[in-house]
Amino acid sequence: MPTALTETLEHRYGIADAVSFRDSPLGGPIVRLEHRGASAEIALQGAQVLGWMPAGKAPVLWLSPTERLGTAKPVRGGIPVCWPWFAAHPDDPAKPAHGFMRTRLWDVVTTFASGGRARVTLRTATAPDDARLWPHDAEAALEVSLATGLHVALTTRNTGASAFRFTQALHTYFAVRDIARVRVDGFDDLAYLDKLDGHARKHWHGPIRFEGEVDRVYIGHTGAAEIRDEAAERTIRIEKSGSASSVVWNPWIEKCNRLGDMGPEGYRTMVCVETANAGDDVVTLAPGATHTLAATLSIA
Ligand code: TA6
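A short tour of the structure in this document, coming up. What you see is a predicted model; the values in this text were computed from it and never measured. (Residues numbered from 1 in each chain as written. Predicted model: local features only at pLDDT ≥ 70, side-chain atom pairs only at ≥ 80, totals over all residues. Heavy atoms only, no water.)

## Let's talk about the site of the ligand
Link 1 in the chain: In the neighbourhood of the ligand, the contacting residues comprise Arg76, Phe86, His98, Arg102, His171, Lys195, Asp215, Val247, Trp249, Lys255 and Glu274.
Link 2 in the chain: His98 has a polar side-chain atom sitting 3.1 Å from an oxygen atom of the ligand.
Link 3 in the chain: Within the side chain of Glu274, one N or O atom sits 2.9 Å away from an oxygen atom of the ligand.
Link 4 in the chain: The fraction of the free accessible surface of the ligand (390 Å²) that becomes covered by protein chains is 87%.
Link 5 in the chain: Counting atoms within 2 Å of the grid points, the majority share of the ligand lands in the largest pocket.
Link 6 in the chain: Residues belonging to the shell around the ligand are distributed by class as follows: three nonpolar, two polar and six charged. (Near = heavy atom within 4 Å. Polar contact = N/O pair within 3.5 Å; in protein donor to acceptor, adjacent residues only side chain to side chain. Areas by Shrake-Rupley, 256 points an atom, 1.4 Å probe, with all protein chains shown as cover. 1 Å grid on protein atoms, 1.4 Å probe; cavity = no way out; pocket = protein on both sides within 12 Å on 5 of 7 lines; lining within 4 Å. Sits in = over half its atoms within 2 Å of the grid points. Nonpolar A, V, L, I, M, F, W, Y, C, P; charged D, E, K, R; others polar.)

This is how it looks when you write it as structure tokens:
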């Protein structure tokens, strides 16, 4: 039995064969996009993409087998929206990691469908009570567009009277067959901050492979990245705009067990390649100005 909210959303924003609303088995309202055999699902909580299934292909995004929506804890997996800061708050580690919008219910603003795509836009804004966390006024809108690929765009607008600086990320969890046989390309000859070594600044050459925990913010990364999932004989391509940094993360065994919400050996079937403004890549936004961080995912 759908909740009143889901029924209202379906009535107001549903589009036959393209956009529908239901209550996720995870416990919260979701919007489902469908287009020529492909589908994507987005939770209104956190405007979090939970899954993307290209037509006739295996899911591209990894989702924790244990998580539920509607709790105080963000769902692990899909594309968490880290905003208005990435990772630990720069001045106060007691504040929630990755900002404070991952557990908020975002509003539906528009839906659209044509021969070429199905699209939903969700929106949220800071509230007066948020000043204790972040003393600025801003709106955030997330647009998810499903065509042959998946396009996700996070637009921030400064609705206050003074400029502010912020960081952010589309914290994408990709599904892979076996992390030991994954190669990530696109980061050759870049500086990076190594979170496993006190954020030491180092230099990277060549493809990225995984033989242990990896947690790096690559600086000056403006191009595409590719995840070569050798065991699945599949390559996932990530193109982006509005971003000069990317984060590559796999928790490996010990952190995966410590996190406790990835399922047994969850680290083996996921890798995060996150489209970000993080590290040195901090965005300054003047009053009334907007900034868009966008990623387009495709199967090469
Ligand atoms: O983006 C990588 C990272 O910052 C890791 O250090 C790890 O903490 C991951 O994000 C997950 O963060 P979360 O708060 O979702 O557990």
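There's plenty left to go through after this.
## Focus on the nonpolar core
Link 1 in the chain: In this structure, Leu150, Phe174, Phe187, Phe210 and Ile227 are the most contacted members of the largest nonpolar core, which totals 75 residues.
Link 2 in the chain: Per-element tally for this core: the top contributor is strand S8 (residues 138-146), with five residues.
Link 3 in the chain: Contacts of Phe187, omitting those with residues within four sequence positions, involve Trp204, Gly206, Ile208, Tyr218, His221, Ala225, Ser246, Val248 and Val273. (Core = buried A, V, L, I, M, F, W, Y, C linked by side-chain atoms within 4.5 Å. Buried < 20%, exposed > 50% of the residue type's maximum accessible area, 1.4 Å probe, protein only. Helix = DSSP H or I, 4+ residues; strand = E, 2+ residues; numbered from the N terminus. Contact = heavy atoms within 4.5 Å.)

## Focus: the side chain of Glu67
Link 1 in the chain: With respect to the helices and strands, the residue Glu67 is situated in the loop between strand S4 (48-53) and strand S5 (81-82).
Link 2 in the chain: For Glu67, a relative accessible area of 10% gives the class buried.
Link 3 in the chain: At 3.2 Å, the side chain of Glu67 forms a polar contact with the side chain of Lys73.
Link 4 in the chain: Discounting residues that sit within four places of it in the chain, Glu67 has contacts with Leu26, Lys73, Pro74, Val75, Arg76 and Asp261.

## Focus: the sheet that holds strand S3 (residues 38-43)
Link 1 in the chain: Pairing within the open sheet is antiparallel, and its four strands lie in the order S1-S2-S3-S4. Each end of this open sheet is capped by a strand with a single partner; those strands are strand S1 (19-23) and S4. Neighbouring strand axes in the sheet, compared pairwise and without regard to direction, differ in orientation by 20 degrees on average.
Link 2 in the chain: One ladder, built from five bridges, connects S3 with S4; its direction is antiparallel. Each residue of the ladder has a partner; that of Ile42, found in S4, is Val49. (Pairing = 2+ DSSP bridges. Axes fitted to C-alpha atoms, helices over the stretch in contact; angles between N-to-C directions.)

## Some thoughts on the layout of surface pockets
Link 1 in the chain: Its boundaries defined by the atoms lining it, the largest pocket holds a volume of some 840 Å³.
Link 2 in the chain: In terms of lining, the largest pocket is formed by 39 residues, of which the most central are Trp85, Phe86, Ala87, Ala88 and His98.
Link 3 in the chain: Put simply, the parts of the chain that give the lining of the largest pocket at least two residues each are strand S10 (164-166), strand S16 (214-219), strand S19 (245-250) and helix H2 (252-259).
Link 4 in the chain: Of the residues assigned to the lining of the largest pocket, the class counts are 22 nonpolar, seven polar and 10 charged. (Points joined across faces, edges and corners; volume = space filled by probe spheres on them.)

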